[in-house]
Amino acid sequence: MSPEPIHVVRPFLPPLAEYVQELESIWETHHLTHSGPKHQALTAALADYLSVPQVSLFANGHLALEAALQTLGVTGEVITTPFTFASTTQAIVHSGATPVFCDITADSYVMDPELIESLITDRTSAILPVHVYGNLCDHARIQEIADAHGLKVIYDAAHAFGVTKDGIGVGSYGDVSMFSFHATKVFHTIEGGGLTFADERLSQEFAAWRQFGQYGKEDSGAIGTNAKLTEFGAAMGLVNLRHIDATIEARRQLTLRYREHLASVPGLSLGEDIPGIRHNYAYLPVVFDPEEFGRSRDDVLRDLADNDIYARRYFHPLTSQFSVFEGRFPAEQTPVAAGIADRVLTLPLYAGLPASEVDRICEVVLAGR
Ligand code: T4K
């Protein structure tokens, strides 16, 4: 057995000396937070890496999503997916709007664009799709629908850092995209998040939102909050950005190894690479067909835990089924999402996971059939 437990993710840490070196100037300036030099340098570096015109940084991805919803004036109903992390749905509710849940596609688990129009009412103001696991939504079709109905499009791109299609960064889609820079993500600033967008005027609005609605020093011209990224987080981001391509490549190699072991096993579905897309290999979801495979997702989850391997059921339950909603959104409204949530397991995947551990994880998955 491995000496240490294996978790679904393990945050990337750069060589300590690189981080310490990046921190040295903070000791000279005493500028610890409030859009300091590191914050500004990271903003520019991310705009460059993600190939987007504008980036605005926040204390975490969740607050960035709330900033987007509230600054764009989203009200009434927001069409979204229930197959996501709590944050997506909670940002909508916390911003005073009502989530309307759209089902997902059975192959890539993102919002099914063909179902969106049937959910539009005169209260709908926005569509909030999620590039779940880094899988791209059908942005062209979604934009067509949004334009036809005068709706805003805000992408939850929390999982999609570095993903491009035909060379275009995923952060260019819609009105705004949100990226999470949480410790567990492909790229991180310890805690942190960012919005990408084209409309330059939004930059000032987002900066005010994250600092008590202040456009200047004393007055609040809007109601905002405190959602600032610290200089220590920004410094971590600057260092991690130097390692991002190697990180994604390491994840790609491990993903290929998982696919070698599992992709052709009857009753298991793993994703595939799509030509023209640069994937980021953010997660390793496996969908189980218990009849065909012989064991259920939860059987395998237990077997792995017995071996000190902690896979996760991202994303079960559907956010629409959270107890806080007290049955307001029946799971039958999104049958595909309900089926995937009951059968999906995300296996450990992170740069630094030894390939031999992938072999061992796959052995445990396949044992006991
Ligand atoms: N939208 C989507 C679609 C998202 O997935 C998320 C976040 C957001 C929005 C919001 O973005 P942020 O506001 O978080 O920036 C984790 C992450 O905390 C969360 O950021 C992420 N999604 C979600 C999918 O995964 P949990 O509740 O599963 O975290 P936790 O603490 O159980 O960590 C998972 C594993 O990672 C642990 O088993 C051990 C390992 N770990 C974790 C941390 C924090 C470490 O080894 N070291 C660590 O420091 O949510």
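Residues numbered from 1 in each chain as written. Predicted model: local features only at pLDDT ≥ 70, side-chain atom pairs only at ≥ 80, totals over all residues. Heavy atoms only, no water.

## Section: the sheet that holds strand 13 (residues 284–288)
Read from one edge to the other, the open sheet built from 3 strands follows the order 11-13-15, with strand pairing classed as antiparallel. Single-partner strands in this sheet number two, and they are strand 11 (268–270) and strand 15 (344–347). Taken pair by pair, the neighbouring strands of this sheet meet at an average axis angle of 30°, ignoring direction. Set on the sheet, helix 7 (residues 231–262) makes contact with strand 11, strand 13 and strand 15; between it and strand 11 the angle comes to about 155°. (Pairing = 2+ DSSP bridges. Helix = DSSP H or I, 4+ residues; strand = E, 2+ residues; numbered from the N terminus. Axes fitted to C-alpha atoms, helices over the stretch in contact; angles between N-to-C directions. Contact = heavy atoms within 4.5 Å.)

## Quick notes on the site of the ligand
The immediate surroundings of the ligand are formed by 23 residues, with D156, H159, S180, R312 and Y314 found nearest. In the model, an oxygen atom of the ligand is placed 2.8 Å from a nitrogen or oxygen of the S180 side chain. Between the ligand and the protein, one listed contact pairs an oxygen atom with a side-chain N or O atom of Y314 at 2.5 Å. When the ligand is considered free in solution it has 910 Å² of accessible area, and contact with the protein chains removes 73% of it. Judged by its atoms lying within 2 Å of the grid points, the ligand is housed in the second largest pocket. Of all the secondary structure elements, the ones that give two or more residues to the shell around the ligand are helix 3 (61–71), helix 4 (86–94) and strand 9 (176–180). Of the residues contributing to the shell around the ligand, the split by class is 8 nonpolar, 12 polar and 3 charged. Both domains that meet at the shell around the ligand, namely domain 1 (16–239) and domain 2 (244–366), each give it at least three residues. (Near = heavy atom within 4 Å. Polar contact = N/O pair within 3.5 Å; in protein donor to acceptor, adjacent residues only side chain to side chain. Areas by Shrake-Rupley, 256 points an atom, 1.4 Å probe, with all protein chains shown as cover. 1 Å grid on protein atoms, 1.4 Å probe; cavity = no way out; pocket = protein on both sides within 12 Å on 5 of 7 lines; lining within 4 Å. Sits in = over half its atoms within 2 Å of the grid points. Nonpolar A, V, L, I, M, F, W, Y, C, P; charged D, E, K, R; others polar. Domains from an automatic or database assignment.)

## Topic: the packing of aromatic side chains
Under the defined criterion, the tally for this structure stands at 22 aromatic pairs. Both rings, one in W27 and one in F232, keep their centres 6.0 Å apart while their planes meet at 80°; by these two values the pair is edge-to-face. Residue W27 is located in helix 1 (residues 16–29), and its partner F232 is located in helix 7; the two are separated by 205 residues in the primary sequence. Centre to centre, the rings of F101 and F329 are 4.9 Å apart; their planes meet at 80°, and the pair counts as edge-to-face. Placement of F101 in strand 4 (residues 98–101) and of F329 in the loop between strand 14 (309–310) and helix 10 (335–343) is noted, with a sequence separation of 228 residues between them. According to the relative accessible area criterion, F329 is buried, its value standing at 9%. What links up through ring pairs into an aromatic cluster is the set F83, F85, Y109, Y133, Y283, Y314 and F315. Looking at R210, its charged tip hangs above the ring of F58, at a distance of 5.9 Å from the centre. (Phe/Tyr/Trp six-rings, centres within 6.5 Å; stacked < 30°, edge-to-face > 60°. Buried < 20%, exposed > 50% of the residue type's maximum accessible area, 1.4 Å probe, protein only. Lys NZ or Arg CZ within 6 Å of the ring centre and 35° of its normal.)

## Considerations on the domain arrangement of the chain
Under the domain assignment, the chain is made up of domain 1 (16–239) and domain 2 (244–366). Just the C-alpha atoms count here: the centres of domain 1 and domain 2 sit 25 Å apart. Taken together, the contact pairs 33 residues of domain 1 with 30 residues of domain 2. Here domain 1 and domain 2 share an interface that buries about 2700 Å² over both sides, 66% of which is from carbon and sulfur atoms. Our count for the contact surface shared by domain 1 and domain 2 stands at 0 salt bridges. (Buried area = accessible area lost by both parts, 1.4 Å probe. Salt bridge = Lys/Arg side-chain N within 4 Å of Asp/Glu carboxyl O.)

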